[in-house]
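Chains, contacts and geometry: an overview
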Amino acid sequence: SSGSGSGGGRGGVESARVVAAGASGAIASASYRCLVPQEALGLLVGVGSARLREMMLQTGAKVSITGEHDTPASLSDRVLSLRGGTAQKEAACWQVVERLFYAQGVEPGGQGIFV
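Quick summary incoming for the structure in this document.

Conventions used here
Residues numbered from 1 in each chain as written. Predicted model: local features only at pLDDT ≥ 70, side-chain atom pairs only at ≥ 80, totals over all residues. Heavy atoms only, no water. Pairing = 2+ DSSP bridges. Helix = DSSP H or I, 4+ residues; strand = E, 2+ residues; numbered from the N terminus. Axes fitted to C-alpha atoms, helices over the stretch in contact; angles between N-to-C directions. Core = buried A, V, L, I, M, F, W, Y, C linked by side-chain atoms within 4.5 Å. Buried < 20%, exposed > 50% of the residue type's maximum accessible area, 1.4 Å probe, protein only. Contact = heavy atoms within 4.5 Å. Polar contact = N/O pair within 3.5 Å; in protein donor to acceptor, adjacent residues only side chain to side chain.

1. Re the sheet that holds strand 1 (residues 32–36)
Reading across from one edge, 1-3-2 is the order of the three strands in this open sheet, with antiparallel pairing throughout. Of all strands in the sheet, those bounded by a partner on one side alone are strand 1 and strand 2 (62–65). Averaged over all adjacent pairs, the angle separating strand axes in this sheet is 20°, with direction ignored.

Put into structure tokens, the structure is as follows:
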């Protein structure tokens, strides 16, 4: 899975990097976070969390998603957090973006929306 199929997703990685750097000055220790629509959770988590475990094994990042009771009531989406070294978080971020684009029906190499 290369980043070439992620289209407009690179901005999310860059934004996360800027936020992390501004917050603490230590990019590697800061978490990357994004919102995941409820309807895309199955694509990211998989049956019995199999896809989530696979992503962690492939990238080395620690991935967590807030549960229904851990998510602020004002959000309909879940909060996904990525922890680890910079390369690990970026690799996991690319996988998240690719799966969210897939959920949007974006063809490989196409443009999708990632906020």
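Still more ground to cover, so stick around.
2. A short note on the nonpolar core
In a soluble, globular protein the nonpolar side chains are often hidden away together inside. Counting residues in hydrophobic clusters, the biggest one holds 19 residues, and the most contacted among them are Val-36, Leu-44, Leu-80, Leu-82 and Val-96. Elements with a contribution of two residues or more to this core: strand 1, helix 2 (41–45), helix 3 (50–59), strand 3 (78–83) and helix 4 (86–103). With six residues, helix 4 is the single largest residue contributor to this core. Excluding its chain neighbours within four sequence positions, the residues that come into contact with Leu-80 are Tyr-32, Arg-33, Cys-34, Val-36, Leu-44, Val-63, Ser-64, Ile-65 and Val-96.

3. So, the side chain of Ser-81
Summarising the element assignment, Ser-81 is placed in strand 3. Residue Ser-81 is classed as buried on the basis of its relative accessible area of 8%. A distance of 3.4 Å separates a polar atom in the side chain of Ser-81 from a polar atom in the side chain of Arg-33. Every residue in contact with Ser-81, bar those within four places of it in the chain, is listed here: Tyr-32, Arg-33, Lys-62, Val-63 and Ser-64.

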